[in-house]
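Structural features, examined
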Amino acid sequence: MGAERAVLQRAPGKIIFRFHARDLHLVPGTAKDGKPVHFRVKIDGTAPGEDHGSDTDPNGAGTVQEHRLYQLLRKKGAVEDRTFEIEFLDPGVRAFAFTFG
């Protein structure tokens, strides 16, 4: 953990938290070697299905390939409190900030 980011040294690694929003985004980046980092997201313990974001598939799979904003979830229907989980399957990811919409 640093002042501006968290870096995963060994895989796998998870971030889990509660949120209340329609959209969930993450600003990650890859390690200095630039290797892609695969991840999987879950909402309330299951794959997001139709609530997946533009950077994940219905099974929750995605890949960090560059430093930018990734849309992880786009909730359909009513907004309510949910539990979000992202598991990074490869080392080296740098997580900077979550944003919500």
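Preceding this section is the structure that the text describes.
So, here's what we can say about the structure. (Residues numbered from 1 in each chain as written. Predicted model: local features only at pLDDT ≥ 70, side-chain atom pairs only at ≥ 80, totals over all residues. Heavy atoms only, no water.)

1. Points about the sheet that holds strand β1 (residues 6-7)
What counts is decided by this rule: Strands are treated as partners if at least two bridges between them are detected by DSSP. Each helix is a run of H or I in the DSSP string that is no shorter than four residues. Each strand is a run of E no shorter than two, and both are numbered from the N terminus.
Strand order in the open sheet formed by 4 strands is β1-β8-β3-β6, with antiparallel pairing between adjacent strands. In this open sheet, the two edge strands, each paired with only one partner strand, are β1 and β6 (70-74). Of the strand pairs in this sheet, strand β3 (residues 23-29) and β6 are connected by 4 bridges, and their pairing is antiparallel. Looking at β6, one finds that Asp-23 is bridged to Arg-74.

2. Some thoughts on the pattern of salt bridges
In plain terms, the rule: Here, a salt bridge means any Lys or Arg side-chain nitrogen found within 4 Å of an Asp or Glu carboxyl oxygen. Each residue is placed in one exposure class: buried if its accessible area under a 1.4 Å probe, protein chains only, is under 20% of its type's maximum, exposed if it is over 50%, and partly exposed if it falls in between.
In this structure the tally under the stated criterion is 8 salt bridges. Here Arg-74 and Asp-23 are joined by a salt bridge, their closest N and O atoms 2.5 Å apart. Within this pair, whereas Arg-74 is found in strand β6, its partner Asp-23 is found in strand β3, the two being separated by 51 residues in sequence. Of the residues examined, Arg-74 reaches a relative accessible area of 36% and is grouped as partly exposed. For Asp-23, a relative accessible area of 9% translates into the label buried. Residue Asp-51 pairs with Lys-75 through a salt bridge whose shortest N-O separation is 3.9 Å. With Asp-51 in the loop between β4 (37-43) and β5 (61-64) and Lys-75 in the loop between β6 and β7 (82-88), this residue pair connects regions lying 24 residues apart in the sequence. On the accessibility criterion, Asp-51 (9% relative accessible area) is buried. Taking relative accessible area as the criterion, Lys-75 reaches 16% and is therefore assigned buried. A network of salt bridges, in which partner residues are shared, links Asp-44, Glu-80 and Arg-82.

Note that all results are geometric; they support no functional claim without further evidence.
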